[in-house]
Amino acid sequence: MSFRFLTACCLLVSSVLAFSSYSYAAEGKTRVLMLTQSKGYTHGSVKRQKEELAPAEIAMIQLGKQSGLFTVDCTQDAAADFTKENLQDYDLVMFYTTGMLPIKDEDMQYFLNDWLKQKGHGFIGFHSATDTYKSYEPYWDMVGGSFNGHPWTAGNTVTITVHNPDFPAMKPFGKEFQFKDEIYQYKNWQPEKVHVLMSLNMAKCNPSKPYQVPVAWAKEWGQGKVFVNNLGHNPETWANPMFQDSVIGAIKWIRGDAPAAVPPNPELSKKEDEKAAAAAAKTESK
């Protein structure tokens, strides 16, 4: 079988891309498969230029090296590399993807219903992972929701409230912070199935919408774990220390190094809806 992985061991500081067969991760390190294929809009953060890796790929490979916690293999060929056989070599999958990916149905079924539900396995979805398989319910049921527009574009600075600052992936952000990035709103959103970690503060955002817009959440999936973070549209986000520390926290949570309960908190979403409606009404009355 031919592999098209861009392995961490082949990445030079100049980020020159090299192809090689898969090399096993050092003992004790989490093995990550990062899929950055686009079958819709291609974000700058995952756009490769000639023989160079994309900014998000470079950032994750370097973060794995610096932390000593994980290794990353990157691919933009889901048909060849996202298979039942290849998943046996990994503990964690990252998606920064769009559209209907060319993954065979049997491989996707295995991923969702078997691999991801195993203890120690996890999924991290960045930004447009929610703009993937939007018409495929088994996927959006796992990931937590589907892209439904982005009123806050790449140039917007938004204020984000952290609801669970003790969660490993939220500690770097504090209780509230401002961030310049594109923020999605969602359909197929199921607050009764997720633990919302942070949302837009509509009283401090422009535009102000009369409904909650979650920015990150977590959930258990069988014995596996799912973490989704909307941030990551802008390439600069991937070099941001808070964002990188958040990724480290999420991986530690998935590994079991930083335990944290993630019970669904739909009551929080209901309160955020009420607060957002009040903030939007106040903005309109001015």
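Residues numbered from 1 in each chain as written. Predicted model: local features only at pLDDT ≥ 70, side-chain atom pairs only at ≥ 80, totals over all residues. Heavy atoms only, no water.

### Quick word on the environment of P214
Looking at the element boundaries, P214 is found in strand β11 (residues 214-221). Here P214 falls in the buried class, since its relative accessible area comes to 2%. In contact with P214, other than residues within four places in its own chain, are Y184, Y186, W189, V196, M198 and S199. (Helix = DSSP H or I, 4+ residues; strand = E, 2+ residues; numbered from the N terminus. Buried < 20%, exposed > 50% of the residue type's maximum accessible area, 1.4 Å probe, protein only. Contact = heavy atoms within 4.5 Å.)

### Some remarks on the packing of aromatic side chains
For the structure on display, the rule yields 23 aromatic pairs. Centroid distance F126 to W238: 4.8 Å. Interplanar angle 70°. Geometry classified as edge-to-face. Placement of F126 in strand β5 (residues 122-126) and of W238 in the loop between β12 (224-229) and α6 (241-255) is noted, with a sequence separation of 112 residues between them. For the pair shown, F126 and W238 are each scored as buried. Both rings, one in F167 and one in F227, keep their centres 6.4 Å apart while their planes meet at 20°; by these two values the pair is stacked. Here F167, found in the loop between β7 (157-162) and β8 (176-180), pairs with F227, found in strand β12; they are 60 residues apart in sequence, far enough to count as distant. By relative accessible area, F167 is classed as buried at 0%. Three or more aromatic residues joined by ring pairs form one cluster here, namely F82, F95, F111, W115, F123, Y133, Y136 and Y139. Above the plane of the ring of W221 lies K117, whose end atom (NZ or CZ) is 5.5 Å from the centre. (Phe/Tyr/Trp six-rings, centres within 6.5 Å; stacked < 30°, edge-to-face > 60°. Lys NZ or Arg CZ within 6 Å of the ring centre and 35° of its normal.)

### Some details on the pattern of salt bridges
Counted according to the given criterion, the structure contains seven salt bridges. Between R255 and D257 there is a salt bridge whose closest N-O contact spans 2.6 Å. Given a relative accessible area of 30%, R255 falls into the partly exposed group. With its nearest N and O atoms 3.1 Å apart, the salt bridge here joins E272 to K275. Of the two residues, E272 and K275 both sit in helix α7 (residues 266-285), three residues apart, roughly one turn of that helix. (Salt bridge = Lys/Arg side-chain N within 4 Å of Asp/Glu carboxyl O.)

### With respect to the nonpolar core
If you look at the biggest cluster of nonpolar residues, it comprises 52 residues, and the most contacted ones within it are M60, M94, M170, M198, L200 and F227. For this core, the element with the most residues is α6, which contributes seven residues. Look past the residues within four positions of M170 in its chain and what remains in contact with it is V162, N164, P165, L197, M198, A216, F227 and S246. Counting 34 residues, the second largest nonpolar core, distinct from the first, contains Y110, Y133, Y139 and V196. (Core = buried A, V, L, I, M, F, W, Y, C linked by side-chain atoms within 4.5 Å.)

### With respect to the side chain of S146
Checked against the element boundaries, S146 lands in strand β6 (residues 146-147). A relative accessible area of 0% means that S146 is categorised as buried. Within the local environment of S146, its side chain forms a polar contact with the side chain of N188, the two groups lying 3.0 Å apart. Aside from chain neighbours lying at most four places away, what touches S146 is T130, K134, W140, Q185, Y186, K187 and N188. (Polar contact = N/O pair within 3.5 Å; in protein donor to acceptor, adjacent residues only side chain to side chain.)

### Side note on α6
Along its 15 residues, α6 runs 21 Å from first to last C-alpha, staying within 8% of the 21 Å computed at 1.5 Å per residue. Residues F243, Q244, S246, V247, I248, G249, A250, I251, W253 and I254 constitute the buried set of α6. Structurally, the start of α6 carries an N-cap: the backbone nitrogen of M242 is 2.8 Å from a side-chain oxygen of N240. Residue G256 follows α6 closely and has a positive phi angle near 100°. (Expected span 1.5 Å × (residues − 1).)

### Observations concerning helix α4 (residues 105-113)
Residues of α4 that are buried: D107, M108, Y110, F111 and L112. In this fold, the buried residues of α4 make contact with α3 (84-87), β4 (92-95), β5, α5 (137-143) and β11.

### Considerations on unusual backbone geometry
In the segment running from N206 into P207, the intervening peptide bond is cis, with an omega of 10°. Relative to the helices and strands, P207 resides in the loop between β10 (195-200) and β11. Even without a glycine there, the phi angle at K50 is positive, about 50°. As for its placement among the helices and strands, K50 is situated in the loop between β2 (30-35) and α1 (55-67).

### Overview of the confidence of the model for the protein chain
Predicted confidence across the protein chain gives a mean pLDDT of 91, with 90% of residues reaching 70 or more. The low-confidence segment residues 1-26 (pLDDT under 50) makes 66 contacts with residues lying over four places distant or belonging to another chain. (pLDDT = per-residue confidence, 0-100.)

### With respect to the packing of α1 against α6
With their axes 11 Å apart at the nearest point, α1 and α6 run at an angle of 65° to one another. Here α6 runs roughly perpendicular to α1, going by the angle between their axes. Crossing of α1 over α6 shows right-handed handedness. For the pair α1 and α6, contact is made by A59, M60, L63 and S67 and by Q244, V247 and I248, respectively. When grouped by side-chain class, the residues that make up the contact of α1 with α6 number five nonpolar, two polar and no charged. (Axes fitted to C-alpha atoms, helices over the stretch in contact; angles between N-to-C directions. Parallel < 35°, antiparallel > 145°, perpendicular 65-115°, else oblique. Left-handed = near helix turned anticlockwise from the far one by under 90°. Nonpolar A, V, L, I, M, F, W, Y, C, P; charged D, E, K, R; others polar.)

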